[in-house]
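Spelled out, the chains give:
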Amino acid sequence: AVATMAPRRAAAAFSAILLLLLLAVASAGLSGYFGTKSRYEEVNPHLVQDPLSLGPTAARSRLPAACAPLQLRAVLRHGTRYPTAGQIRRLGELHGRLLRRPAAAAAACPAAAALAAWQMWYEESLDGRLAPQGQRDMEHLARRLAARFPALFAARHRLVLASSSKHRCLQSGDAFRRGLGPSLSLGGHEIEIEVNDALMRFFDHCAKFVALVEENEAAMCQVNAFKEGPEMREVLEKVASALCLPVEELNADLVQVAFLTCSYELAIKNVTSPWCSLFSEEDAKVLEYLNDLKQYWKRGYGYDINSRSSCILFQDIFQRLDKVVEESK
């Protein structure tokens, strides 16, 4: 018995090491395909060493001595967030299927066994809320911005913060305000955050956009066609094989949420999730394209009303910039 157990332990250890190596390689190869779920550090690697670094081009990007900044207006997205309730439900559904697999199937599917052992820590109550990493994102962003424009932030210039009513956006605004606190000597709590959905969620207030795109199932016909197309079918078959599940038990939404979990775990926890092991770089390209396709038709150039609905925000930006230029004369 002892003689037969030793090789099994060695094999198990080797499998564990191999899985860790695969996870590390998977994360490195996939992180360039996460779109808006990418970490700030993926775009600006210097932030890994110093989250307050202004980057290697900081010296060259300073304003000429003859120039004085009059006003700065910034439109910022919220920081790193948790998955939405819908994504968490789909992830729980997929994870539940892996837990129900027979124990004997573990040897044939090490990836499925690793995912069954993974702790499902996401709860629906998190529903897209700002993660602790997201708070740090916004605080550091504010401090870097103040360092780039010290003349604007050193004196008690007027500062206005507006946010949508979304919880993650309000929390992002609060974290951004805290980040500016040391520069403004305000303690970060004297500035109120104005809630302005008409300006910051202009798409929700555009009746034509809501009717023609947001609530129109036909508007996403190209996205749905790609979900059923040969590229996604190939990814489905590969993931089903890795999980030892019938391909009929998977769909594009379940596979996409597995891929998103890989990105969330990296952004939120700075870890390589076992969900990453299901995908190759080629798979990532297909899933990135699926997400890009959705954004193209829902938020981008797919429909004319998508860009027209943003006119209210751009009008506000340019009118305020024009006003400060006029007043400066």
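Up top is the structure.
Only a predicted model underlies this, so the values are computations on that prediction, with no experimental measurement involved.

A.B. asks: Before we go on, may I ask you to explain the environment of His78 in this structure?
C.D. replies: Its place among the elements puts His78 in the loop between helix H3 (46–49) and helix H4 (85–99). Each C-alpha atom, one on His78 and one on Gly134, is 7.5 Å from the other, the two residues being 56 residues apart in sequence. Among residues more than four places away in sequence, those in contact with His78 are Met138, Arg168, Cys169 and Ser172.

A.B. asks: Looking at this structure, I do not really get empty space enclosed by the protein. What am I missing?
C.D. replies: Taken as a whole and assessed by the stated rule, the structure comprises one cavity of 30 Å³ or more. In this model, the largest cavity occupies a volume close to 40 Å³. Taken together, Pro83, Gln87, Ile88, Leu91, Tyr122, Val257, Thr261 and Tyr264 make up the lining of the largest cavity. Every element with two or more residues in the lining of the largest cavity is listed here: H4 and helix H13 (252–269). Tallied by class, residues from the lining of the largest cavity come to six nonpolar, two polar and no charged.

A.B. asks: Please clarify how the packing of aromatic side chains should be interpreted in this entry.
C.D. replies: The description of an aromatic ring pair uses the distance of the two centres, along with the angle that the planes make with each other. A complete count under the given rule lists 10 aromatic pairs for this structure. With 6.3 Å between their ring centres and 40° between their planes, Trp118 and Tyr122 make a pair best called tilted. Note on accessibility: Trp118 and Tyr122 belong to one class, buried. The structure contains a cluster of three or more aromatic residues connected by ring pairs, namely Tyr82, Trp118, Trp121, Tyr122 and Trp275. Over the face of the ring belonging to Phe203 we find Arg299, whose NZ or CZ atom lies 4.3 Å from the ring centre.

A.B. asks: Help me understand the nonpolar core, please; the structure alone is not making it clear to me.
C.D. replies: Considering soluble globular proteins, one finds that nonpolar side chains tend to be buried as a cluster. By size, the foremost hydrophobic cluster in this structure holds 60 residues, and its most contacted members are Leu243, Leu250, Trp275, Leu278 and Phe279. Here this core gets 11 residues from one element, more than from any other, and that element is H13. The contact partners of Phe279, leaving out residues within four places of it in the chain, are Leu30, Val239, Val255, Ala258, Phe259 and Leu287. Core analysis: the next-biggest nonpolar cluster, separate from the first, contains 14 residues, Leu141, Leu145, Phe153 and Leu184 among them.

How each quantity is defined
Residues numbered from 1 in each chain as written. Predicted model: local features only at pLDDT ≥ 70, side-chain atom pairs only at ≥ 80, totals over all residues. Heavy atoms only, no water. Helix = DSSP H or I, 4+ residues; strand = E, 2+ residues; numbered from the N terminus. Contact = heavy atoms within 4.5 Å. 1 Å grid on protein atoms, 1.4 Å probe; cavity = no way out; pocket = protein on both sides within 12 Å on 5 of 7 lines; lining within 4 Å. Points joined across faces, edges and corners; volume = space filled by probe spheres on them. Nonpolar A, V, L, I, M, F, W, Y, C, P; charged D, E, K, R; others polar. Phe/Tyr/Trp six-rings, centres within 6.5 Å; stacked < 30°, edge-to-face > 60°. Buried < 20%, exposed > 50% of the residue type's maximum accessible area, 1.4 Å probe, protein only. Lys NZ or Arg CZ within 6 Å of the ring centre and 35° of its normal. Core = buried A, V, L, I, M, F, W, Y, C linked by side-chain atoms within 4.5 Å.

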